[in-house]
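These are the residues of each chain, in order.
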Amino acid sequence: MSTFVLIPGAGGAAWYWNRVVTLLQDAGSAAIAVDLPGADETAGLSEYAELVVDAIGARQDVALVAQSLGGFTAPMVSEAVGVESVTLVNAMIPLPRETPGDWWGNTGAVEARVDAATTGGYGDFDPVTYFLHDVPPSIAAEGESHQRPEAEAVFASPCEFESWTSLPQVRAVGGAEDRFFPIDFQRRVAHDRLGINLDVLPGGHLIALAQPAPLVDYLLHR
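Residues numbered from 1 in each chain as written. Predicted model: local features only at pLDDT ≥ 70, side-chain atom pairs only at ≥ 80, totals over all residues. Heavy atoms only, no water.

Visitor: Teacher, can you tell me more about the environment of Ser68 here?
Guide: With respect to the helices and strands, the residue Ser68 is situated in the loop between β3 (62–67) and α3 (74–81). Along the primary structure Ser68 and Gly195 are separated by 127 residues, whereas in three dimensions their C-alpha atoms are 19 Å apart. Within the structure, the side chain of Ser68 is placed 3.0 Å from the side chain of His205, a separation counted as a polar contact. (Helix = DSSP H or I, 4+ residues; strand = E, 2+ residues; numbered from the N terminus. Polar contact = N/O pair within 3.5 Å; in protein donor to acceptor, adjacent residues only side chain to side chain.)

Quick look at the structure:
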């Protein structure tokens, strides 16, 4: 049976995955969410990857799952230790040696977000509108104590891996209601950079908080 190792996005709080971890464990699977030092100005992608590798330890049959910015850590971990699969969730999908800072311009992420907001009529960026619009209020309130800034250091850190084609099974899934990385944008990036079709589930960018059950079903059965 696979052990699910879950990488959070910006800020690095393992708490983000708490609802998914609980459901995976209830289903009889082992699950570990890795806490990353998002606010640490001395930590880059190599430090993030090392922490995930340490969390994996000697475990075999690891299913690596990465949210948003965690997509930059996932291929480095996969090449370092070997994993069974990589699942990218509403993720930034890097090219080899690309930095997270360069990714935005290289993919047209901001333009895609603005265009989707104009079409959808939900206006300029703010965290509530773009991240919390579908998260239950009680969960959003709980999350306030776990919020952390993401230090600038990681955005200048290159993603050191050779090729997605050298990695094991890679799949990408996006939330249909994601306002931060709109679903059509995610489809394009997954096709262009991975050569695969994006799978789509209900939920916004913080899908693990808003729609944990469909995400867990996807992780276990697809």
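Visitor: Help me out: how do you make sense of the pairing of β3 in this one?
Guide: Look at any regular strand and the pattern is simple: side chains alternate between the two faces of the sheet. A large share of β3 lies buried, amounting to six of its six residues. Because side chains alternate across β3, one face comprises the buried residues Val62, Leu64 and Ala66, and the other comprises Ala63, Val65 and Gln67, equally buried. Pairing geometry for strand β1 (residues 3–7) and β3, over five bridges, is parallel. Across the sheet, Thr3 pairs through a bridge with Val62, a residue of β3. In terms of strand pairing, β3 meets strand β4 (residues 85–89) through five bridges, oriented parallel. (Buried < 20%, exposed > 50% of the residue type's maximum accessible area, 1.4 Å probe, protein only. Pairing = 2+ DSSP bridges.)

Visitor: Where do I start with the side chain of Thr87 in this structure?
Guide: Within the secondary structure, Thr87 is located in strand β4. Take Thr87: its relative accessible area is 1%, and that puts it in the buried class. A polar atom in the side chain of Thr87 sits 2.9 Å from the side chain of Arg171. Thr87 has contacts with Leu64, Val65, Ala66, Arg171, Val173, Tyr218 and Leu219, leaving out every residue within four places of it along the chain. (Contact = heavy atoms within 4.5 Å.)

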